[in-house]
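For reference, the chains in residue letters:
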Amino acid sequence: MEPVEINAGGYYLRQFRADRLMDDRPALVAAFADPLMRRFVPDYTIDTLDAAGDYVRRRAEEWDSDRRYSWAIAEPTTGDLLGEVGLKNLDHGGGNAEIAVWVAPSARGRGIATTAVDTVVRFGFGALGLREIGYDHDPDNSASHAVAQRCGFTRAGTQGRDLRWRRLAGTP
């Protein structure tokens, strides 16, 4: 699938960029330097512009292979990177995926994650025909817990140490 941009009200969702017109790499390095990001998103080390460039390329490759659809959450007037939201572990045949989201430290507390997750859930159900979207997070991540509740996910148990949530198509 080709990457699509989505208007999310006060934000817009777009592909990550690292070109002469827009460069998300410095913002990615800054976001991933945050202690909360290192704690709750431990699978990525993005501490240089080169590592950030690899991250941007990886996200583009995941779109191309239909494995993961990730969007940069951007401020609409400047295009500044505020965070990321995506559908990971896509199973088109089974009709399910999982939400992934993070918000840069400077943009937290403004409801960005809730808006972005709600937008991507609607896209997943409407445009992709998904039937179920999961959302797993560390039990100590109170912000993710609040986002799951605000976006209509229901508790579905645990997966390892993580809390597991799910939302079915057709539920408000």
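Note that the structure is a prediction, hence the values are computed from the model and not measured.

Visitor: Tell me about the nonpolar core, residues and numbers included.
Guide: Of all hydrophobic cores here, the largest spans 35 residues; its most connected members are Leu13, Trp71, Val85, Leu87, Ile99, Val117 and Phe153. Here the element with the most residues in this core is helix α4 (residues 112-126); it accounts for 8 residues. The next biggest cluster of nonpolar side chains, apart from the first, holds 15 residues, and it includes Phe32, Met37, Ala52 and Val56.

Visitor: Before we move on, can you summarise the packing of aromatic side chains with the specific residues and values?
Guide: The way to describe two aromatic rings as a pair is by their centre distance and the angle between their planes. What the rule picks out here adds up to 9 aromatic pairs. In textbook terms, an aromatic cluster arises when at least three aromatic residues are bridged by ring pairs, as seen for Phe16, Phe32, Tyr44, Tyr55 and Trp102. Looking at Arg155, its charged tip hangs above the ring of Trp165, at a distance of 5.8 Å from the centre.

Visitor: Can you break down the side chain of Arg14 residue by residue, with the values?
Guide: As for its placement among the helices and strands, Arg14 is situated in strand β2 (residues 11-14). Note on Arg14: relative accessible area 1%, which makes it buried. In contact with Arg14, not counting residues within four places along its chain, are Glu5, Met22, Asp24, Trp71, Ala72, Ala74, Gly79 and Leu81.

Conventions and cut-offs
Residues numbered from 1 in each chain as written. Predicted model: local features only at pLDDT ≥ 70, side-chain atom pairs only at ≥ 80, totals over all residues. Heavy atoms only, no water. Core = buried A, V, L, I, M, F, W, Y, C linked by side-chain atoms within 4.5 Å. Buried < 20%, exposed > 50% of the residue type's maximum accessible area, 1.4 Å probe, protein only. Helix = DSSP H or I, 4+ residues; strand = E, 2+ residues; numbered from the N terminus. Phe/Tyr/Trp six-rings, centres within 6.5 Å; stacked < 30°, edge-to-face > 60°. Lys NZ or Arg CZ within 6 Å of the ring centre and 35° of its normal. Contact = heavy atoms within 4.5 Å.

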